[in-house]
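The chain contents come next:
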Amino acid sequence: MYGRDPWGGPLEINAADSATDDDRSRNLNDLDRAALSRPLDETQQSWLLGPAEQKKKKKYVDLGCIIVSRKIFVWTVGSIVAAGLLVGLITLIVKTVPRHHHSHAPADNYTLALHKALMFFNGQRSGKLPKHNNVSWRGSSCLSDGKGKQGSFYKDLVGGYYDAGDAIKFHFPASFSMTMLSWSVIEYSAKYEAAGELNHVKELIKWGADYFLKTFNSSADTIDRIVAQVGSGDTSGGSTTPNDHYCWMRPEDIDYDRPVTECSSCSDLAAEMAAALASASIVFKDNKAYSQKLVHGAKTLFKFARDQRGRYSASGSEAAIFYNSTSYWDEFIWGGAWLYYATGNNSYLQLATMPGLAKHAGAFWGGPDYGVLSWDNKLAGAQLLLSRLRLFLSPGYPYEEILRTFHNQTSIIMCSYLPIFTKFNRTKGGLIELNHGRPQPLQYVVNAAFLATLFSDYLEAADTPGWYCGPNFYSTDVLRDFAKTQIDYILGKNPRKMSYIVGFGNHYPKHLHHRGASIPKNKIRYNCKGGWKWRDTSKPNPNTLVGAMVAGPDRHDGFHDVRTNYNYTEPTIAGNAGLVAALVALSGDKTTGIDKNTIFSAVPPMFPTPPPPPAPWKP
């Protein structure tokens, strides 16, 4: 048997090498004795490997220049080595252990703006304010709303949100606002969590949902009336009756009557309020008792909407002046979709996917406002919401045909947002004119930015890199870029270099059309007309309503920071809800994406219904 010599030659291993270790040791000792037959000097003796007589250890060590005790020397060297090892170990730990407090990148503009945009809702709260409301110049207000009417279906209407710069509570845009906030939480709870705002936004949603439960008999299964509005703002015909538009007063100082408007035929309002409660029930799904309470209220409202048809703003009501609803068909689809997600009940999905409803809602024709999501028309949002179902659950027959149509329509809407298409004009500064140059454009822009980002994230989550506009394929990044350019414009990247969100940046509107922000908190109670001097002064507002998004610039990128011109300087909760949704969608790390599953929590497993068999063949 041959091995390889490490120096290159063959190494033969023979039987002689099979000796035991003991044998080798004995042979070595014999060899040593032979070698020691002649006397060796001290140096030669030191080379020997055999056991030699051990000399007594020296007590001192000669270092050349000094002689030190061996014990001190050993202790000194050992201490130095131990200290070196300890320093090395500490250095290794410091370099390898992650330092979380240094690893966070600075917050992006969208996250910074998100903190402020949510604060706006704190400034719009009505009723008895919580101690932690964090808006120093606001206090509890309108604590008598809805009280004193004997035999009514409501006990009191304290709470909720003021709509804009006045103190009216319009339930139609308010419920849309809460639906938008809930939708954004359901999709982007991880991003809210990362921004430290999840508990805050959920608290804001609950404030709105709790109020809506007061506006009808929420414990009943069937109702015949709901409250549409609290307060009044009609000043037509030169009326001088004190109300929420004629007077310029802080909400805390209001002393005039605030009428309650009821309605018994208001499908649009009831279905929108049902959507708000149903979506909120998903947000609070971990609180089962509260979530079920919201679901029950949503079911009751939707049944009322379907049973007693009519527009809430019909028959010359005051709502027609401020928030006129054009139809209720879009709310039927929108409310039905949210109730399906909240309950998993197929009857709501069957309703939301009825071709007749879609036709009445305008899903199959493209008018000038087609694809524009707003407090009035939810069709674009409903189509995207149902496209989500097709992308992730694919329920198949009998829903597939209409869901495919909604998906295709959503794709077309997304194409219309892109600059390469000319469905909508743009200002020279790049702002898309979704309302065709009419005043107050920003509320529509933020909704579109949210839809575009959300559709982009849906496609990413479905492992789809983009979508088709005609024969051309576009990356999801194109949609996100569209959303960013529009929100960046609002944050200050515009010809005026002005932020349209109060408190964001260095240059923003200082004359907000807002009663509470424009009147100082100086312990003086200004009466109805006494506050007019604060309305008409050219001085900046004494109070800053942080996060308020104003109505916006005109079609020439012009903006007049004038308190009395509400078309430029008035904020609304509907506008800010869309802003919050768009900001959270764009904030943080893109890879975080959407929460694919939470919205389906109540939806049972999908087993597509097979199509009916063909008719029997007849010869």
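Residues numbered from 1 in each chain as written. Predicted model: local features only at pLDDT ≥ 70, side-chain atom pairs only at ≥ 80, totals over all residues. Heavy atoms only, no water.

- If you check an unreviewed UniProt entry, the chain appears there as cellulase from Populus tomentosa.
- Check the Catalytic activity (unreviewed entry) section of the UniProt entry for the chain; it says "Endohydrolysis of (1->4)-beta-D-glucosidic linkages in cellulose, lichenin and cereal beta-D-glucans." (UniProt positions renumbered as here; feature names shortened; annotations may be inferred.)

### Remarks on the state of the cysteines
Logical step 1: According to the stated counting rule, one finds 3 disulfides in the structure shown.
Logical step 2: Across the disulfide, cysteine 247 is cross-linked to cysteine 528 (sulfur-sulfur distance 2.0 Å). Negative torsions about the S-S bond denote left-handed disulfides, and the value of about -90° found for cysteine 247 with cysteine 528 makes this one left-handed. Of this pair, cysteine 247 sits in the loop between strand 6 (226-230) and strand 7 (260-263) while cysteine 528 sits in the loop between helix 18 (515-518) and helix 19 (532-536); the two residues are 281 residues apart in sequence, bridging distant segments of the chain.
Logical step 3: One disulfide in the model links cysteine 415 with cysteine 469; its S-S distance is 1.9 Å. Judged by the torsion about the S-S bond (-100°), the cysteine 415/cysteine 469 disulfide is left-handed. Highlighted residues: cysteine 415 in helix 15 (residues 400-417) and cysteine 469 in strand 8 (residues 466-469), separated in sequence by 54 residues. (Disulfide = S-S within 2.5 Å. Helix = DSSP H or I, 4+ residues; strand = E, 2+ residues; numbered from the N terminus.)

### Looking at the pattern of salt bridges
Logical step 1: For the structure on display, the rule yields 25 salt bridges.
Logical step 2: Here arginine 480 and aspartate 457 are joined by a salt bridge, their closest N and O atoms 2.7 Å apart. Note that arginine 480 is positioned in helix 17 (residues 476-491) and aspartate 457 in helix 16 (residues 442-461), a separation of 23 residues in sequence. Here the two residues arginine 480 and aspartate 457 agree in accessibility, since each one is buried.
Logical step 3: Residues joined by salt bridges that share partners form a network here, namely Arg138, Arg250, Glu252 and Asp253. (Salt bridge = Lys/Arg side-chain N within 4 Å of Asp/Glu carboxyl O. Buried < 20%, exposed > 50% of the residue type's maximum accessible area, 1.4 Å probe, protein only.)

### A word on the nonpolar core
Logical step 1: One finds Trp183, Trp338 and Tyr417 to be the most contacted residues of the largest nonpolar core, which totals 166 residues.
Logical step 2: Not counting residues within four places of it along the chain, the set of residues in contact with tryptophan 338 comprises Thr179, Trp183, Ile186, Ala275, Ala278, Ser279, Ile282, Leu385 and Ile599.
Logical step 3: Counting residues in each nonpolar core, the second largest holds 9 residues, with Tyr246, Cys247, Met249 and Tyr256 among its members. (Core = buried A, V, L, I, M, F, W, Y, C linked by side-chain atoms within 4.5 Å. Contact = heavy atoms within 4.5 Å.)

### Description of the environment of valine 372
Logical step 1: Secondary-structure assignment places valine 372 in the loop between helix 13 (355-361) and helix 14 (379-392).
Logical step 2: In sequence terms valine 372 and alanine 448 are 76 residues apart; their C-alpha atoms lie 7.0 Å from each other.

### Topic: the packing of aromatic side chains
Logical step 1: Counted under the stated rule, the structure contains 33 aromatic pairs.
Logical step 2: Measuring from ring centre to ring centre gives 6.0 Å for phenylalanine 302 and tyrosine 348, while their planes differ by 70°; the resulting arrangement is edge-to-face. Of this pair, phenylalanine 302 sits in helix 9 (residues 288-307) while tyrosine 348 sits in helix 12 (residues 346-352), placing them 46 residues apart in sequence.
Logical step 3: Put simply, the rings of Trp183, Trp334, Trp338, Tyr340, Tyr341, Phe450 and Phe600 pair up and form one aromatic cluster.
Logical step 4: In this structure, arginine 125 packs its charged tip against the face of tryptophan 207, placed 4.6 Å from the ring centre.
Logical step 5: When the ring centre of tyrosine 290 is taken as reference, the NZ or CZ atom of lysine 206 above it lies at 4.7 Å. (Phe/Tyr/Trp six-rings, centres within 6.5 Å; stacked < 30°, edge-to-face > 60°. Lys NZ or Arg CZ within 6 Å of the ring centre and 35° of its normal.)

### A word on the sheet that holds strand 7
Logical step 1: The antiparallel open sheet is built from 3 strands, whose spatial order is 5-6-7. Looking along the sheet, the strands with just one partner apiece sit at the ends: strand 5 (169-170) and strand 7.
Logical step 2: Pairing geometry for strand 5 and strand 6, over 2 bridges, is antiparallel. Within strand 6, the residue paired with lysine 169 across the bridge is valine 230. (Pairing = 2+ DSSP bridges.)

### Brief notes about the side chain of arginine 563
Logical step 1: You can see arginine 563 is positioned in the loop between helix 19 and helix 20 (566-569).
Logical step 2: In this structure arginine 563 is buried but unpaired, with aspartate 536 as the nearest side chain of opposite charge at 7.1 Å.
Logical step 3: Polar side-chain contacts of arginine 563 include one of 3.1 Å to the backbone oxygen of tryptophan 534.
Logical step 4: If we skip the residues at most four places from it in the chain, arginine 563 touches Trp248, His511, Leu512, His513, Ser518, Trp534, Arg535, Thr537, Lys539, Pro540, Asn541 and Thr569. (Lys, Arg positive; Asp, Glu negative; His and termini not counted. Polar contact = N/O pair within 3.5 Å; in protein donor to acceptor, adjacent residues only side chain to side chain.)

### Here we look at the UniProt feature "active site" (unreviewed entry) in the chain
Logical step 1: Look at the UniProt record and you will see "active site" (unreviewed entry) annotated at His513, Asp561 and Glu570. Across 58 residues in sequence, these annotated residues keep their C-alpha atoms within 10.2 Å of one another, forming a single compact spot.
Logical step 2: By secondary structure assignment, the location of aspartate 561 is in the loop between helix 19 and helix 20.
Logical step 3: The class for aspartate 561 is partly exposed, based on a relative accessible area of 23%.
Logical step 4: Aspartate 561 has contacts with Tyr508, Pro509, Lys510, His511 and Thr569, leaving out every residue within four places of it along the chain.
Logical step 5: Here lysine 510 takes part through its backbone nitrogen, which lies 2.8 Å from a polar atom of the side chain of aspartate 561.
Logical step 6: Topologically, glutamate 570 is positioned in the loop between helix 20 and helix 21 (573-586).
Logical step 7: Discounting chain neighbours no more than four positions away, the residues touching glutamate 570 are Ala164, Gly165, Asp166, His513, Met549, Val550 and Ala551.

### Focus: the confidence of the model for the chain
Logical step 1: Residues with a pLDDT of 70 or more make up 87% of the chain, whose mean pLDDT is 89.
Logical step 2: Considering only residues more than four positions removed or in separate chains, one finds that residues 1-56, a stretch of pLDDT under 50, has 19 contacts. (pLDDT = per-residue confidence, 0-100.)

### Remarks on helix 14
Logical step 1: Between its terminal C-alpha atoms helix 14 stretches 20 Å, which fits the 20 Å expected from 14 residues at 1.5 Å a residue.
Logical step 2: When helix 14 is considered as a whole, its buried residues turn out to be Leu379, Ala380, Gly381, Ala382, Gln383, Leu384, Leu385, Leu386, Ser387, Arg388, Leu389 and Phe392.
Logical step 3: Residues of helix 14 that are buried sit in contact with helix 6 (171-195), helix 11 (329-343), helix 12, helix 13, helix 15 and helix 16. (Expected span 1.5 Å × (residues − 1).)

### A few points about the environment of serine 499
Logical step 1: Locating serine 499 in the fold gives a position in the loop between helix 17 and helix 18.
Logical step 2: The class of serine 499 is buried, set by a relative accessible area of 2%.
Logical step 3: Separated by 53 residues in sequence, serine 499 and glycine 552 place their C-alpha atoms 10.0 Å apart.
Logical step 4: The residues touching serine 499, leaving out its near neighbours within four places in the chain, are Ile490, Leu491, Gly492, Phe504, His507, Tyr508 and Pro509.

### Description of a nonpolar patch on the surface
Logical step 1: A cluster of nonpolar side chains, namely Val77, Val81 and Leu85, defines an oily patch on the protein surface of about 270 Å² accessible area.
Logical step 2: Relative to the assigned elements, valine 81 resides in helix 3 (residues 70-96). (Patch = residues over 30% accessible without salt bridge, like charges linked within 9 Å, V, L, I, M, F, W, Y side chains within 5 Å. Areas by Shrake-Rupley, 256 points an atom, 1.4 Å probe, with all protein chains shown as cover.)

### So, the packing of helix 11 against helix 14
Logical step 1: In the contact formed by helix 11 and helix 14, the axes pass within 9 Å of each other and the chain directions differ by 35°. By crossing handedness, the relation of helix 11 to helix 14 is classed as left-handed. Two secondary-structure elements touch here, helix 11 through Asp330, Ile333, Trp334, Ala337, Trp338, Tyr340 and Tyr341 and helix 14 through Leu379, Gly381, Ala382, Leu385, Leu386, Arg388 and Leu389.
Logical step 2: For the contact of helix 11 with helix 14, the per-class residue count stands at 11 nonpolar, 1 polar and 2 charged. (Axes fitted to C-alpha atoms, helices over the stretch in contact; angles between N-to-C directions. Left-handed = near helix turned anticlockwise from the far one by under 90°. Nonpolar A, V, L, I, M, F, W, Y, C, P; charged D, E, K, R; others polar.)

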